[in-house]
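# Structural overview for review
Spelled out from the first residue to the last, the chains are:
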Amino acid sequence: MRVLAFAASNSRQSINRTLVNHATERLGTLLPGAEVELLDIHDYEMPIYSIDRERETGVPAPAQDFFARIGRADAVILSFAEHNGSVTAAWKNVFDWTSRIEMKLWQGRPMVLLAASPGRRAGAGVLDSQEALAPHFGGEVRGRLGIGRWPEAWDADTGSLVRPEDAAALDKVLGTLAAPASAQAPHQSETLIRKDIS
């Protein structure tokens, strides 16, 4: 299995990059033989999308590269930073440009949606919106997990999640990628937002 993974954040100290990196490490234990490609959306910086710019210059090469990488993957793991209840401007721009190649930019790939947040709601707003949007853009959301109160949830010294329930929830949601695409109805995802402990 080839898995494409990234954090939808351009912060150099992104806690969502930390989470997605940890998730791919866990995936290697849960699904031996999985090949992971980690992307950095800093490599996909482009001018702010506008229809005029698209007409003048076409879709930029970074968006075309991003679309191609999705196409080569068997599954996608992404972790969202939440800005004002939504995605980051950096990710929205990558998404907007890539969707101009093909609206169903996720190309039918199974997906796991994550979010790390310093707050109690564990990125619930951004996860709600992105889980609802993904099927319209060709994604099959297998599961989602938000981890809140991140400073209490992550041990930087050991590179691991502190709360056993968070670690178990992460393994559970990642395990949904092992099932064949036909084994789960599209759009029915495992919802594991840890609001109670976040």
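Scroll up to find the structure this text is about.
This is a predicted model, so every value here is computed, not measured.

To continue, consider the pairing of strand β1 (residues 2–8). Burial runs high along β1: six of the seven residues are buried. Relative to strand β2 (residues 35–39), β1 is paired through five bridges, and the arrangement is parallel. Note that in β2 the partner of Val-3 across the bridge is Val-36. Crossover connection from β1 via helix α1 (residues 15–30) to parallel β2: handedness right-handed. Pairing analysis gives six bridges linking β1 to strand β3 (residues 75–80), with the strands arranged parallel. Counterpart to Leu-4 in the pairing with β3 is Val-76.

Where charged atoms of side chains with opposite charge meet at close range, the side chains can pair. Enumeration over the complete set of coordinates arrives at eleven salt bridges. We note a salt bridge from Asp-40 to Arg-17, for which the minimum N-O separation is 3.4 Å. Of this pair, Asp-40 sits in the loop between β2 and α2 (51–57) while Arg-17 sits in helix α1; the two residues are 23 residues apart in sequence, bridging distant segments of the chain. Taking relative accessible area as the criterion, Asp-40 reaches 24% and is therefore assigned partly exposed.

Remark: helix α3 (residues 61–72) packs on helix α4 (residues 89–99), axes separated minimally by 9 Å, with the N-to-C direction vectors making an angle of 80°. Viewed along their axes, α3 and α4 adopt a mutual orientation that is roughly perpendicular. Residue-level contacts link Ala-63, Phe-66 and Phe-67 of α3 to Trp-91, Val-94, Trp-97 and Thr-98 of α4. Its residues assigned to classes, the contact of α3 with α4 shows six nonpolar, one polar and no charged.

Moving on, we come to α3. Here α3 is twelve residues long and its end C-alpha atoms lie 17 Å apart, about the 16 Å a rise of 1.5 Å per residue gives. Taken together, the buried positions of α3 are Ala-63, Phe-66, Phe-67 and Ile-70. In a view along the axis of α3, the buried residues occupy a sector of 95°, so they form one face of it. Buried residues belonging to α3 abut β1, β2 and α4.

So, about the packing of α1 against helix α7 (residues 164–175). One can describe the packing of α1 onto α7 by two numbers: an axis separation of 10 Å at closest approach and a directional angle of 65°. Regarding the angle of α1 to α7, the classification is roughly perpendicular. Viewed along their axes, α1 and α7 form a crossing whose handedness is right-handed. Note on element contacts: α7 touches α1 through Leu-170, Asp-171 and Leu-174, opposite His-22, Ala-23, Arg-26, Leu-27 and Leu-30.

Attention now goes to unusual backbone geometry. Residue Asn-84 is not a glycine yet carries a positive backbone phi of 55°. Relative to the helices and strands, Asn-84 resides in the loop between β3 and α4. What makes Asn-84 exposed here is its relative accessible area of 85%. Even without glycine at this site, Arg-149 takes up a positive phi of about 45°. Position of Arg-149 among the secondary structure elements: in the loop between β5 (140–147) and α6 (150–153). In this structure Arg-149 comes out as partly exposed when scored by relative accessible area, which is 28%.

A separate point is the nonpolar core. Formed by 31 residues in total, the largest nonpolar core has its most connected members in Phe-6, Phe-66, Leu-78, Phe-80, Trp-91 and Trp-106. Of all elements in the fold, only β1, α3, β3, α4, β4 (110–116) and α5 (124–133) reach the threshold of two or more residues within this core. With residues near it in sequence (within four places) discarded, Phe-80 still touches Ala-8, Asn-16, Val-87, Trp-91, Leu-113, Leu-114, Ala-115, Ala-116, Val-126, Leu-127 and Gln-130.

Cut-offs applied
- By convention here, each chain's residues receive numbers from 1 onward along its written sequence.
- Owing to the predicted nature of the model, reporting of local features is limited to residues with pLDDT of at least 70; listing and counting of side-chain atom pairs is limited to 80 or more, with chain, interface and lining totals taken over all residues.
- To obtain the side-chain values, all non-hydrogen atoms of the structure were included, while hydrogens and water were left out.
- Working definition: with a 1.4 Å probe on protein chains only, accessible area under 20% of the residue-type maximum means buried, over 50% means exposed, and in between means partly exposed.
- Working definition: helices are DSSP H or I runs of at least four residues, strands are E runs of at least two. Numbering for both runs from the N terminus.
- For two strands to be treated as a pair, DSSP must find no fewer than two bridges joining them.
- Classification remark: right-handed applies to a crossover when, strands pointing away from the viewer, the course from the first strand over the helix to the second runs clockwise.
- Put simply, a salt bridge is a Lys or Arg side-chain nitrogen that is within 4 Å of an Asp or Glu carboxyl oxygen.
- For helices, the fitted line uses only the C-alpha atoms of the stretch in contact; every axis is such a line through C-alpha atoms, and the angle between N-to-C directions lies from 0 to 180 degrees.
- Note on terminology: angles under 35 degrees are roughly parallel, angles over 145 are roughly antiparallel, angles of 65 to 115 are roughly perpendicular, and the others are oblique.
- When checking whether two residues touch, look at their non-hydrogen atoms; a contact exists if any pair is within 4.5 Å.
- When residue character is reported, Ala, Val, Leu, Ile, Met, Phe, Trp, Tyr, Cys and Pro are called nonpolar, Asp, Glu, Lys and Arg charged, and the others, Gly included, polar.
- To estimate the expected span of a helix, count its residues, drop one, and scale the result by 1.5 Å.
- This arc describes the spread of directions from the helix axis toward the C-beta atoms.
- In this scheme the crossing of two helices becomes right-handed for a clockwise turn of the near helix relative to the far one and left-handed for an anticlockwise turn of less than a right angle.
- By convention a nonpolar core is built from buried Ala, Val, Leu, Ile, Met, Phe, Trp, Tyr and Cys residues, the set being connected through side-chain atoms within 4.5 Å.

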